[in-house]
Amino acid sequence: MCGCGPCMKLVKAHGNVESARWVYFANRVGEQLKKEYPNVKLVIFAYIASQKPPVNIKANDNVAVQIVTLGIRRGRPYTDPKNKMANKFMQEIVSRWQKVCKNILIWDYVWGGHRLMTFPDQLLNLHNIRIFAKLGVQGFFPQENHAVGRMVYNQGCPFRSWLLARAMWDPEECGDGEALETTFCNEYFGPAAGPFVKQYYKYLRKVHWESGFVGMTSGGTLTRAPFEAPEVTAECIKIMLNALEAAKKEQNRTHIRRVEFEMLPVKFMAASDYGRVKKFLPEKKSARELIAEIRSFIRGKSKDVKTWTQYKRVHRTLNMVEGTGDITAEASREYGLGRASCAYDGNLATSWTPGLGIGWTMIDRGERQFISRITTVFHKMRYVRRATYSVEGSFDKKAWRVMIPKKVVTIPETLQQSGKVNDVYCFDDVTLAKDMEVRYIRTRIHKMERRLGSGEYGMQDAQHTEQYFNLKELPAVLLNSIVKE
Ligand SMILES: [Zn+2]
């Protein structure tokens with residue numbers, strides 16, 4: 001953004017917000033536009049820096065503002081009292097923009113998270129569209145409302161496209177969406193499998209609403225949601241296996257494929273949370289077998305090279321969880337694919353993050369073991385320059401003993417200056433003074449920092465890429481991250 005005198009004066013005069021100059025600029029362009037194109041509107045964005053509305057300025061009639069539902073929670077409708085963050089957004093962003101501009105458009109993230117995620121309730125989107133329609137907004141853009149055949153396997157994916165098209169036409173016609181959901185299931189998955197798919201949607205929705213969970217964002221769930229609990233995942237698999245069996249009995253190839261497609265998110269959920277889900281699973285399949293099934297389904301769908309490159313992205317996601325299946329780990333909270341198990345899977349391409357702030361991760365080694373050396377990799381220099389952490393161990397998760405006292409790890413200055421942000425890792429390698437016998441090992445990240453342009457350190461969300469125990473020698477990839485004397 002320009003920092004010259006006149007620009008800063010303009011910004012300051014209108015509430016000291018960036019959007020002031022956007023509205024000012026759009027008005028000037030709009031004046032010229034109107035002469036030649038009287039029916040055309042000019043759209044500006046209320047997004048990140050420009051999200052807050054300006055004061056003491058009004059947008060011209062041929063200027064529209066598109067407000068993005070950036071970062072707000074979507075586990076509950078935006079005006080539900082439980083969804084405090086969204087309530088604030090509706091009051092402080094949407095309502096206030098309506099006073100500045102009469103043409104409001106909404107850019108909404110209608111999905112709930114990362115690829116292959118289960119989404120607990122498609123009808124949430126219907127609630128939100130209705131809220132915006134009542135407010136008189138003039139347009140609604142649903143991001144990630146993919147049709148079948150695109151690369152999104154979220155639960156309810158084809159149903160979402162169909163439902164939202166209707167809701168955008170007339171939200172009141174949709175009622176509460178339940179009847180439309182039943183119609184869709186019966187006609188899309190067929191009369192045999194349809195009722196089971198409906199049962200699956202309904203079950204997830206019930207679990208979700210009874211839990212009151214709100215923390216869904218565009219990157220996944222913040223903390224493990226009740227609808228992602230292992231027994232819920234297993235129950236969903238049971239219901240969907242019934243759907244598959246029904247479709248097979250019907251011998252309708254299209255219906256079978258559609259049910260298999262609909263099962264991908266819940267299969268992925270089971271594979272990526274395998275340590276906790278396995279004891280509830282109806283069929284004894286390993287995490288790797290579940291992932292192989294997902295891969296084979298995708299392979300069967302990709303007919304040409306162009307589609308295949310799109311499928312690569314899904315394979316990359318599958319690669320990420322493939323090694324985490326048998327690890328039992330937990331964390332203060334988990335964000336999207338940043339699962340606790342990613343910190344113990346031996347794979348530097350995966351990492352744990354709580355999404356926001358700091359926290360802890362813990363591994364259950366299954367039995368008591370002697371630990372002599374702990375090697376902790378926080379992240380690449382690109383993301384982390386300095387980490388403050390501690391490690392403790394336990395037999396029972398109740399009484400804890402210090403293994404590594406609170407400690408600050410900084411990437412040596414010479415390596416920081418090297419600029420090799422993707423080759424150098426912020427990590428620590430500690431040989432304990434004496435071997436300790438433990439079963440559970442918990443790592444607390446007290447502080448995580450990056451480096452600002454000024455050379456000072458600034459706060460960063462916690463990152464934990466890997467932790468190795470009793471290594472004989474350092475993995476070769478970490479050799480770039482130490483200064484040889
Ligand atoms: Zn300027």
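Here's a quick rundown of the structure. In this text the structure is predicted, and so the values were computed from the model without any measurement. (Residues numbered from 1 in each chain as written. Predicted model: local features only at pLDDT ≥ 70, side-chain atom pairs only at ≥ 80, totals over all residues. Heavy atoms only, no water.)

1. Things to note about the coordination of the zinc ion
Defined as follows: In this listing, donors mean N, O and S atoms no farther than 2.8 Å from the metal, or 3.2 Å for Na, K and Ca; water is missing from the atoms, so a site can look incomplete. For the exposure calls, accessible area comes from a 1.4 Å probe over protein chains only, and a residue counts as buried if that area is under 20% of its type's maximum, exposed if over 50%, partly exposed in between.
The coordination sphere of the zinc ion, as far as protein atoms go, consists of C2 (SG), C4 (SG) and C7 (SG), spread over 2.2 to 2.3 Å. Donor residues for the zinc ion, ordered by position in the chain, follow C-x1-C-x2-C. Looking at C4, the relative accessible area reads 30%, which means it is partly exposed. A relative accessible area of 21% means that C7 is categorised as partly exposed.

2. Here we look at helix α3 (residues 84-100)
Three or four residues apart is the spacing at which side chains of an α-helix point the same way, because the helix has 3.6 residues per turn. Our working rule: Each helix corresponds to a stretch of at least 4 residues labelled H or I by DSSP, and each strand to a stretch of at least 2 residues labelled E; elements are numbered beginning at the N terminus. Here the expected span of a helix is defined as 1.5 Å times the quantity of residues minus one. To obtain the bend at a residue, axes are fitted to the seven residues ending there and to the seven starting there, and the angle between these axes is taken. Every residue pair with non-hydrogen atoms within 4.5 Å of one another is taken to be in contact.
When the terminal C-alpha atoms of α3 are compared, their 24 Å separation across 17 residues agrees well with the 24 Å that a helix rising 1.5 Å per residue should span. At M90, α3 shows its strongest bend, of approximately 30 degrees. Buried within α3 are the following residues: A86, N87, F89, M90, I93, V94, W97 and V100. For α3, the elements touching its buried residues are α2 (19-36), β1 (42-46), β2 (63-68), β3 (103-109) and α4 (123-135).

3. So, the packing of aromatic side chains
Short version of the rule: Pairing of aromatic side chains here covers Phe, Tyr and the six-membered ring of Trp, requires ring centres within 6.5 Å, and sorts the geometry by plane angle: under 30 degrees stacked, over 60 edge-to-face, intermediate tilted.
Scanning all chains against the criterion turns up 16 aromatic pairs. Residues Y188 and F189 carry aromatic rings whose centres are separated by 4.9 Å and whose planes lie at 85 degrees to one another, so their mutual orientation is edge-to-face. Note on accessibility: Y188 and F189 belong to one class, buried. Aromatic ring contacts, followed pair by pair, group F159, W162, F184, Y188, F189, Y200 and Y201 into a single cluster.

4. Re the layout of surface pockets
Basically, it comes down to this: Cavity and pocket criteria rest on a 1 Å grid covering protein atoms alone: a 1.4 Å probe that fits but cannot get out defines a cavity, protein on both sides within 12 Å along at least 5 of 7 lines defines an open pocket, and an atom within 4 Å of a point defines a lining residue. Grid points are joined across faces, edges and corners, and a volume is the space filled by probe spheres set on the points. Think of it as three bins: nonpolar holds Ala, Val, Leu, Ile, Met, Phe, Trp, Tyr, Cys and Pro, charged holds Asp, Glu, Lys and Arg, and polar takes everything else, Gly as well.
When its volume is computed, the largest pocket comes out at roughly 390 Å³. Lining the largest pocket are 20 residues, with K52, P53, E92, I93 and R96 sitting closest to its centre. For the lining of the largest pocket, the per-class residue count stands at 11 nonpolar, 3 polar and 6 charged.

5. What to know about α2
The end-to-end C-alpha distance of α2, which contains 18 residues, comes to 26 Å, matching closely the 26 Å that a straight helix rising 1.5 Å per residue would cover. Its maximal kink placed at G30, α2 deviates by approximately 25 degrees. Listed as buried for α2 are S19, A20, R21, V23, A26, N27 and G30.

6. Topic: empty space enclosed by the protein
For the coordinates displayed, the defined rule picks out 5 cavities of 30 Å³ or more. Size it by volume and the largest cavity reaches roughly 90 Å³. Forming the walls of the largest cavity are 15 residues, and the residues nearest its centre are S272, D273, I327, A329 and S341. Among the secondary structure elements, those contributing two or more residues to the lining of the largest cavity are α10 (274-277) and β7 (328-331). The leading source of residues in the lining of the largest cavity is α10, at 3 residues. When its residues are assigned to classes, the lining of the largest cavity shows 4 nonpolar, 6 polar and 5 charged. Approximately 60 Å³ is the volume attributed to the second largest cavity. Contributing to the lining of the second largest cavity are T69, G71, I72, R74, Y78, D108, Y109, T217 and S218. Counted by class, the lining of the second largest cavity contains 3 nonpolar, 4 polar and 2 charged residues.

7. What about the pattern of salt bridges?
Just so we agree on the cut-off: The salt bridge criterion pairs a side-chain nitrogen of Lys or Arg with a carboxyl oxygen of Asp or Glu, the two atoms within 4 Å.
In this structure the tally under the stated criterion is 27 salt bridges. A salt bridge links K238 to E235; the nearest nitrogen and oxygen atoms lie 3.9 Å apart. One end of the pair is K238 and the other is E235, both in helix α8 (residues 230-250) and 3 residues apart, which spans about a single turn. Residue classification places K238 among the partly exposed residues on the basis of a relative accessible area of 38%. Take E235: its relative accessible area is 26%, and that puts it in the partly exposed class. Linking R439 and D364 is a salt bridge whose minimum nitrogen-to-oxygen distance equals 2.8 Å.

8. Regarding the packing of helix α7 (residues 190-211) against helix α9 (residues 253-272)
To keep things clear, this is the line we draw: Convention adopted: a line fitted to C-alpha atoms gives each axis, helices being fitted over their contacting stretch, and angles between N-to-C directions are expressed from 0 to 180 degrees. Put simply, angles under 35 degrees are roughly parallel, angles over 145 are roughly antiparallel, angles from 65 to 115 are roughly perpendicular, and the rest are oblique. Crossing chirality is assigned from the near helix's rotation relative to the far helix, an anticlockwise turn below a right angle marking it left-handed and a clockwise turn marking it right-handed.
It is the contact of α7 with α9, at a shortest axis distance of 10 Å, that shows an interaxial angle of 15 degrees. It follows that α7 is roughly parallel to α9 by the angle criterion. Viewed along their axes, α7 and α9 form a crossing whose handedness is left-handed. Contacts from G190, P191, A193, V197, Y200 and Y201 in α7 reach H255, V259, E262 and V266 in α9.

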